[in-house]
Amino acid sequence: MTSSGCRGLTAALLLLCATSAAIADLSDKLRDDSELSQFYSQVEQNPIANATLTLRSCTIFVPTNEAFQRYKGNIHVLYHISTSAFSKEQLPKSVSSDMDGNPPLYITKNRNGDIYVNNARIIPSLSVEMTNREGKRQVMHIIDEVLQPLSVQKNAQDNINNPDAMQFLQMAEQLDLNDFHLRTYRSQVTLAKKESVYQSPGAHTFLIPIDESFKLSARSGLVDAKVIDGHVIPNTVIFTAASQHDDPKTSAAFEDLLKVTVSFFKQKDGKMYVKSNTIVGDAKHHEGVVLAEIVKANIPVQNGVVHLIHRPLMIIDTTVTDFLKSFKFLNENGENGALRKFYEVIMDNGGEVLDDITNLSEVTILAPSNDAWNASLIENLLRNRKKMREILNMHIIRDRLNVDKIRQKNANMIAQVPTVNNNTFLYFNVKGEGADAVITVEGGGVNATIVQADVAQTNGYVHIIDRVLGVPHTTVLGKLETDPMMSDTYKMGQFSHFNDQLNNTQRRFTYFVPRDKGWQKTELDYPSAHKKLFMPDFSYHSKSILERHLAIADHVFTMKDLVQYSQQAGNVVLPTFRDSLQIRVEEEAGRYVIIWNYKKINVYRPDVECTNGIIHVIDYPLLEEKDVVVSGGSYLTESSICILLANLIMITVAKILN
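Residues numbered from 1 in each chain as written. Predicted model: local features only at pLDDT ≥ 70, side-chain atom pairs only at ≥ 80, totals over all residues. Heavy atoms only, no water.

### Focus: the overall build of the chain
The number of helices and strands found in the chain is 22 helices and 29 strands. Expressed as a percentage of the 658 residues in the chain, the buried residues total 50%. The contacts of the chain with a sequence gap of at least 6 include a subset with a gap of at least 24, amounting to 63%. When the accessible surface of the chain is split by element, carbon and sulfur atoms take 49% of a total near 31100 Å². (Helix = DSSP H or I, 4+ residues; strand = E, 2+ residues; numbered from the N terminus. Buried < 20%, exposed > 50% of the residue type's maximum accessible area, 1.4 Å probe, protein only. Contact = heavy atoms within 4.5 Å. Areas by Shrake-Rupley, 256 points an atom, 1.4 Å probe, with all protein chains shown as cover.)

### Some remarks on the sheet that holds strand 25 (residues 572–575)
The strand order 24-23-29-28-27-26-25 describes an open sheet built from seven strands, whose pairing is mixed. Two strands bound the open sheet, and with one partner strand each, they are strand 24 (550–553) and strand 25. Along the sheet, successive strands turn relative to each other by an average axial angle of 35 degrees, direction set aside. Both strand 23 (residues 508–514) and strand 29 (residues 613–618) contribute to a ladder of six bridges, which runs parallel. Its bridge partner being in strand 29, Pro514 is matched across the sheet by Ile618. (Pairing = 2+ DSSP bridges. Axes fitted to C-alpha atoms, helices over the stretch in contact; angles between N-to-C directions.)

### Here we look at the pattern of salt bridges
Considering all chains together, one arrives at 30 salt bridges under this definition. Residue Asp247 is joined to Lys249 by a salt bridge in which the shortest nitrogen-to-oxygen separation is 3.2 Å. Residue classification places Asp247 among the buried residues on the basis of a relative accessible area of 16%. With a closest N to O distance of 2.9 Å, Glu442 and Arg605 form a salt bridge. Placement of the pair is Glu442 in strand 20 (residues 438–443) and Arg605 in strand 28 (residues 599–610), with a sequence separation of 163 residues. Accessibility classification places Glu442 together with Arg605 in one group, the buried group. Through salt bridges that share partners, Asp28, Arg31, Asp32 and Arg133 make up one connected network. (Salt bridge = Lys/Arg side-chain N within 4 Å of Asp/Glu carboxyl O.)

### Digging into the confidence of the model for the chain
The share of residues in the chain with pLDDT of 70 or more is 90%, and the mean pLDDT across the chain is 87. Taken as a whole, residues 3–22 scores under 50 in pLDDT and shows five contacts with residues more than four places along the chain or in a different chain. Considering only residues more than four positions removed or in separate chains, one finds that residues 631–644, a stretch of pLDDT under 50, has 11 contacts. (pLDDT = per-residue confidence, 0-100.)

### Quick notes on the environment of Leu581
As for its position among the elements, Leu581 is in strand 26 (residues 580–588). Assessed through its relative accessible area of 3%, Leu581 is described here as buried. Every residue in contact with Leu581, bar those within four places of it in the chain, is listed here: Phe512, Arg548, Val572, Val573, Leu574, Thr576, Trp596 and Leu622.

### Observations regarding the sheet that holds strand 6 (residues 120–121)
Taken in spatial order, the four strands line up as 3-4-5-6 in an open sheet, and their pairing is antiparallel. In this open sheet, the two strands that pair with only one neighbour each are strand 3 (94–96) and strand 6. In this structure, strand 4 (residues 104–109) lies alongside strand 5 (residues 115–117), joined through three bridges in antiparallel fashion. What sits directly across from Ile107, in strand 5, is Val117.

### Side note on empty space enclosed by the protein
Across all of its chains, the model carries three cavities of 30 Å³ or more by this definition. Here the largest cavity is characterised by a volume of approximately 60 Å³. Lining the largest cavity, in full, are Ile414, Tyr427, Asn429, Thr440, Glu442, Asn447, Asp483, Pro484 and Arg605. Among the secondary structure elements, those contributing two or more residues to the lining of the largest cavity are strand 19 (425–431) and strand 20. (1 Å grid on protein atoms, 1.4 Å probe; cavity = no way out; pocket = protein on both sides within 12 Å on 5 of 7 lines; lining within 4 Å. Points joined across faces, edges and corners; volume = space filled by probe spheres on them.)

### Overview of the nonpolar core
Counting 49 residues, the largest nonpolar core has Tyr511, Phe512, Leu574, Ile594 and Ile615 as the members making the most contacts within it. Broken down by element, this core gets its largest block of residues, five residues, from strand 28. Setting aside residues no more than four positions away along its own chain, Phe512 makes contact with His549, Met559, Leu562, Leu574, Leu581, Ile583, Ile594, His616 and Ile618. (Core = buried A, V, L, I, M, F, W, Y, C linked by side-chain atoms within 4.5 Å.)

### Brief notes about the packing of aromatic side chains
Following the criterion strictly, the structure yields nine aromatic pairs and no others. An angle of 55 degrees between the planes, with centres 6.2 Å apart, marks the rings of Phe498 and Tyr511 as tilted. With Phe498 in the loop between helix 17 (487–495) and strand 23 and Tyr511 in strand 23, the pair connects residues that are 13 residues apart, well separated along the chain. Taken as a pair, Phe498 and Tyr511 share a single burial class, namely buried. (Phe/Tyr/Trp six-rings, centres within 6.5 Å; stacked < 30°, edge-to-face > 60°.)

### With respect to the environment of Pro149
Along the chain, Pro149 falls in the loop between strand 8 (137–143) and helix 6 (165–170). When the C-alpha positions of Pro149 and Ile299 are compared, they lie 7.1 Å apart, and in sequence the two are 150 residues distant. Here Pro149 is in contact with His76, Tyr79, Met99 and Pro300, once residues within four sequence places are set aside.

### Some words on the pairing of strand 22 (residues 460–465)
Across the six residues of strand 22, six count as buried, placing the element largely inside the fold. Residues Gly460, Val462 and Ile464 of strand 22 are buried on one face, and the alternating residues Tyr461, His463 and Ile465, pointing to the opposite face, are buried as well. One ladder, built from six bridges, connects strand 16 (residues 363–368) with strand 22; its direction is parallel. Bridge pairing in strand 22 links Pro368 to Ile465.

### Some points on the side chain of Ser27
Locating Ser27 in the fold gives a position in helix 2 (residues 26–32). Using a relative accessible area of 11% as the deciding quantity, one classes Ser27 as buried. If sequence neighbours within four positions are ignored, Ser27 has contacts with Tyr40 and Leu53.

Put into C-alpha cells, the structure is as follows:
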C-alpha cells in the first residue's frame, strides 16, 4: 500500500472514530437535530431520562418542535420513554412508559397504515435505531403531538398513578378535567353494580357523560346497566386522531335482544363527535342514533382511554326542539355544537320556526351542518327574513322519516316528500346498500347529502346534511349534469351542443325539463320518434324540441308567477330561442298543471332554483309525434349523407382519370 493510501485509510478511521464518539447514544442524536431541540432540553433537565439514554435499552417518542409550540400543558418527559426497544414493526398494542406508575402508551394503526402512540402519529421514515456505548439497543420515533398523560389537580390529596377507568371515575374531583364533573354517571354505575366493566383489565374505550348532560331531572334514571354497557367499546382503544370516520364498533351492549354500535366522526371545523346506533332495541331502549360531542378527549387510563361527552348515548328522551336547544348550551360553554349555526339562524329569524317545530307531534328535520352555512350566497340571504323563513321551512317534514322509511319510499322511484312549505317537496334518492349507501335529498334546486342520519328524538328524527336547501349554488347546466332525474334531457342536449348556453350567467332561463320517466313514456306513445331523438344523427330535431322547453328572458318565471299570469290573460306566451311557448298553468289540489296543445302535463318538481335560472321538472315532454316525422317517408342521416357524398366524389374522380 502506498504512503498516500495509508494516510487516506488513517484519515477515514479517525473520522469514523470521531463520529462514533460524537454520536454514542440517542441523547447525542437529539442534541444534533435542531428540529428536536425542545425535547432534548427536557431530557437534559431530567436525570432519569439522561441515565436511561446513557445506560439502558429504550424506545423514545420524540415530539417535533412544532408539536411543542401547539402544546399548552405540562411536559412529562418520562411519559415519552419506554425501557424496551421497539422498531415500528415490533411495537406491541401497548408499551409501559417510564413515568411514575408506568402508565401504558397505546399503539394503534389506521387504515392508511399510519401508526399512532396514544393520539400522536409516528412520522414515517424518521425513526432511528442504534446501539449506545453500553451496547444497549435504542429506538427513536418522531411524533407529531406531545403525549399527555392523565393530569392531576395541584391540590389533589391522593397520590394518583395509573388508575383504571373505575378509579378514574371515583377520583374525578382530583383530576384536571376542565371543570367537568362526573358524579351523576358515577352514581349510576355504582347503582347498577357495573364497576367491574370499568375495572376490566385490557384495553377498552370508555365514553363518560358529564354532569351538565343530566340537567333533565328524569334522565339519570334512564341510565341502566344496558345503557352503561353502551358507553363502552370493549377490547378496542380509540384515540380521536387515529379513529376511522363513521366506522361502527360493537359496544358492550351487543347481544341477541339489544344491539348497539358506537362510532366516531369529525366535522371540518375539527370538532369530534361520537354516536350510538341502537340497531335492535327493546321496550326500554329505542332504536335510533344518539349524537354526542366529545368535550374532553383522549384521557389515558390503565385499561384504555376515556372520552368525556356532552350527553349520554342510547337515551332518547328529548324532543326535536330540545335537541336543537341543546346546542345553545354548548355554545354558551365554549363548545361548537354540530348544529350550532342552524339553531342560531332559527333564533336570528325570530324563533317562530322553532315554535312551529314544537307544535308538530311528529317531525323530521333536515339540519344543515355548521360548514353548510359558510356558502358564499347564504350571507346575503340571512338578512332577508321572509326568504330565510321559506328556506328554513323547506328543511321541516311533518312525519317521522328515518332511513328505513326513505328506503321504502325510494324502492321503485325517487321518493317525493312534502315539507311544511306550501307546494314544496323534497326528493330523496338512495344509492348503494348497507353501510355503503349514500342518501341525497334535493330541495329548491340544491342537492345535499345526508352526512349523519337517524338522530332519534321522542317525536321524530334529525338528519344532518352538508348543504342548505333552497340556496342555489350551480347553474342550470350544472343542475342538469348532476341530477339523476334529468339525465335523459342532459344527454339529448349534449348531441347538438344545446347545453352549452345553459352555463351563461348573464341570462335568465326558465327551463321545463321532462324527467327521465317522462321520456320513457314517449317511448311507449311514439316509439319511432323516441328512438330518433336519442340518436346523434337526429340532433337537429332534438335541439328544436328542447328549444321549445327553454324560455329566455331578463327574469325567471316561477310556477306561482305563471299561475297568476294565466288567471289574468288565459294563456302565457314565453319567449324562446326561435319563437315562443304558449301555455296555461293551473293549480289543482296543491299541484301545478301545464296545459299545452290541449294536453295536461303535471309539474313534478316546481321551482328548482339555479344561479342563472329556474327549472320546472315536468312529467311529460312538450312533444307530438309529428315533431320527428320526416317528409317523404325517408330520411338520410348525416352519416348516410357523408357516405353518399364520398361515393359520388370517387365516381367523379374515376371518370376524370378515364
